[in-house]
Amino acid sequence: MALRARALYDFRSENPGEISLREHEVLSLCSEQDIEGWLEGVNSRGDRGLFPASYVQVLRAPAAEPPPPARYANVPVGGFEPLPPPAAFKPAAQQPPAEPFPPPPAGYPFPPYGGSYQPSQGSDDDWDDDWDDSSTVADEPGALGSSYPDYEAAGGGGSGRYRLSTRSEPSLGPRGAGHPPGHPHPPGGGGAAKSSATVSRNLNRFSTFVKSGGEAFVLGEASGFVKDGDKLCVVLGPRGPEWQENPYPFQCSIEDPTKQTKFKGMKSYIAYKLVPSHTGQQVHRRYKHFDWLYGRLAEKFPVISVPHLPEKQATGRFEEDFISKRRKGLAWWMDHMCSHPVLAQCDAFQHFLTCPSTDEKAWKQGKRKAEKDEMVGANFFLTISVPIGPGASLDLQDVESQVDGFKAFTKKMDESALQLNHTANEFARKQVTGFKKEYQKVGHSFKCLSQAFELDQQAFSAGLNQAIAFTAEAYDAIGDLFADQPRQDLDPVMDLLALYQGHLANFPDIIHVQKGALTKVKESKRHVEEGKMELQKAEGIQERCNIISFATLAEINHFHKIRVRDFKSQMQHFLQQQILFFQKVTQKLEEALHKYDNV
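Residues numbered from 1 in each chain as written. Predicted model: local features only at pLDDT ≥ 70, side-chain atom pairs only at ≥ 80, totals over all residues. Heavy atoms only, no water.

- You'll find the protein entered in an unreviewed UniProt entry as SNX18 protein, with Erythrocercus mccallii given as the organism.
- Its UniProt record gives the protein a comment under Subcellular location (unreviewed entry), which states: "Cytoplasmic vesicle membrane".
- According to UniProt, the comment filed for the protein under the heading Sequence similarities (unreviewed entry) is "Belongs to the sorting nexin family." (UniProt positions renumbered as here; feature names shortened; annotations may be inferred.)

In structure tokens:
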């Protein structure tokens, strides 16, 4: 049953992440549980975000219909400080609370980054006892595969593990010793001292910048041990920052989906055969294994676009068409995973590709180890190594301009992809139903004409009758060609568009992390100009922002590189298939034409 609420007062959003309300408007609630005075929901215009709980009344009656699902979840971007509506518009008895609502608490247990993603636990692929158990498997050396050796513990003499920290000064507490940003310090509180100024935290704790750990990293709160194998290197290439190429590139095929059973046939599932080129050893994985891997990668890499998996389906999972379509979608997903210099070398991905299907213990050890990865959140950014030295610094204005340009590009590409997908889908539907039916109508009409001519018993008309009957068969066959053609040309285009729509849905969050870091740099520079912050501290913030900027630009460059490769190949395939199709049609017509030569 959908949760609904009615707005008691007008509320105008003042900050990103909030939504406006109109009096008497009915909203859909994401949850009835408020977080220190704030609720999250969807208004009647389809906007999703936060609003004061005291401004609405929860409706207990069943909802008439569920809220319309947004294609891409709205991601809150900044802090929020809602104001109550003007008193002149309400009787005193109906006034909303005069006190401003507090922000969500800093200690609130938010879901991990990418929290909109939840691994499926429904009928598509149930999570059973051979997958999740309550026991804790101790981490063992080599649990994620022999290609990724374990490292010495800190202080154990190992040279492959390094202690990194962004902590340079004692913490002064959130929001600068307890004062909200923009609020003056009390007289005599030492507000003018350089060491007392801090860059404020985002009040909106739902922000992707906060949940990803980007804010904590930029503010110097990350600390952890980084292994050599965890380092992610950004280098300067001809197009700017790029991820360092994988020195051992590989591909992985996905073949032979087969239906298998367990529990004496009580449970059925589809297993896919994976054959990585760098091992040559086949393994079998179910969709839930892909689902688990995607969840781990989306949580770990906040500035990398992890490709989305093909959509789930609760019914018809064992139908041949669905299995074939899913396999093609997984093949595209695997291609993008193997082509990414960072994702391809990730321990969790390598474990997924190389762990023997029959070794349940090794699988669970690797799974547990991946889930206990400490290089997530703010600590993830410690693993990024960027160019240093002359010519390696980034100009903030140039970075901002490039990111804004890419943001406009992704918006336009998303709109165009949606339009092309709709057009291709409609055209394919016409080919499968309309065109086939119309051509076969023409064929049937020619057949009727041939049957009428057969009533003439003259011998010299027999050749004509046969030629017309062959023409009818040719048109019937052409109708079948039209019905089969979308599988050859339009379906692959739509599969590629679906994959890229997933990438385009990822980039608003990636850009938001980078934008949040730039905002902190600008704020620190303002503090330095006002004499409230030491230059060294501001430079540390800018240095950490540069790391996020390098990674963001590297991901943007990788996206463009792989986009050109994919669409070039797909458009060539599409046109080749179109040419072959019309050649087949022409061949059918020419065969029919030659039947009249001897009439």
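1. Side note on the sheet that holds strand 10 (residues 252-262)
- In space, the 3 strands of this open sheet follow the order 10-11-12, with antiparallel pairing throughout. Edge strands, defined here as strands with exactly one partner in the open sheet, are strand 10 and strand 12 (283-286). Direction aside, the axes of adjacent strands within the sheet are offset by 35° on average.
- Where helix 5 (residues 320-339) meets the sheet, its contacts fall on strand 10 and strand 11 (267-276), and the angle it forms with strand 10 comes to roughly 135°. (Pairing = 2+ DSSP bridges. Helix = DSSP H or I, 4+ residues; strand = E, 2+ residues; numbered from the N terminus. Axes fitted to C-alpha atoms, helices over the stretch in contact; angles between N-to-C directions. Contact = heavy atoms within 4.5 Å.)

2. Some words on the pattern of salt bridges
- This structure, assessed with the given rule, holds 22 salt bridges.
- Linking E299 and R296 is a salt bridge whose minimum nitrogen-to-oxygen distance equals 3.0 Å. Of this pair, E299 and R296 both sit in helix 4 (residues 287-300), 3 residues apart, roughly one helical turn.
- Since its relative accessible area comes to 21%, R296 is described here as partly exposed.
- With a shortest N-O distance of 2.4 Å, E426 and R429 are connected by a salt bridge. Of the two residues, E426 and R429 both sit in helix 8 (residues 396-453), 3 residues apart, roughly one turn of that helix.
- Residue classification places E426 among the partly exposed positions, given a relative accessible area of 28%. (Salt bridge = Lys/Arg side-chain N within 4 Å of Asp/Glu carboxyl O. Buried < 20%, exposed > 50% of the residue type's maximum accessible area, 1.4 Å probe, protein only.)

3. Quick notes on the environment of N598
- Tracing the backbone through its elements, the reader meets N598 in the segment after helix 11 (535-594).
- Spatially, the C-alpha atoms of N598 and L464 are 8.9 Å apart, while their sequence positions differ by 134 residues.

4. Some points on empty space enclosed by the protein
- Per the stated rule, a full pass over the model turns up 2 cavities of 30 Å³ or more.
- The volume enclosed by the largest cavity comes to roughly 80 Å³.
- Together, S305, P307, H336, H340, H503, E555, H558, F559 and I562 line the largest cavity.
- Residue composition of the lining of the largest cavity, grouped by class: 3 nonpolar, 5 polar and 1 charged.
- When we break the lining of the largest cavity down by domain, the ones giving at least three residues each are domain 2 (243-385) and domain 3 (396-595). (1 Å grid on protein atoms, 1.4 Å probe; cavity = no way out; pocket = protein on both sides within 12 Å on 5 of 7 lines; lining within 4 Å. Points joined across faces, edges and corners; volume = space filled by probe spheres on them. Nonpolar A, V, L, I, M, F, W, Y, C, P; charged D, E, K, R; others polar. Domains from an automatic or database assignment.)

5. Examining the sheet that holds strand 9 (residues 240-243)
- Judged by pairing direction, the sheet is mixed, and its 3 strands sit side by side in the order 9-8-13 without closing on themselves. A single partner strand is all that each edge strand has here, and the edge strands are strand 9 and strand 13 (384-385).
- Where strand 8 (residues 232-237) and strand 13 come together, 2 bridges link them in parallel fashion. Following the sheet pairing, L232 is matched in strand 13 by I384.

6. Focus: the environment of L232
- Mapped onto the secondary structure, L232 falls in strand 8.
- As for L232 and F381, which are separated by 149 residues in sequence, their C-alpha atoms are 9.2 Å apart.
- Sequence-distant contacts of L232, that is, excluding residues within four places in its chain, are made with W243, F301, V342, F380, T383, I384 and S385.

7. Description of helix 7 (residues 360-371)
- Relative to the 16 Å expected for 12 residues at 1.5 Å per residue, helix 7 spans 16 Å between its end C-alpha atoms, a close match to the ideal helical length.
- Counting buried residues in helix 7 gives 9 out of 12 residues, a clear majority hidden from the surface.
- A362, W363, K364, Q365, G366, K367, R368, K369 and A370 are the residues of helix 7 that are buried. (Expected span 1.5 Å × (residues − 1).)

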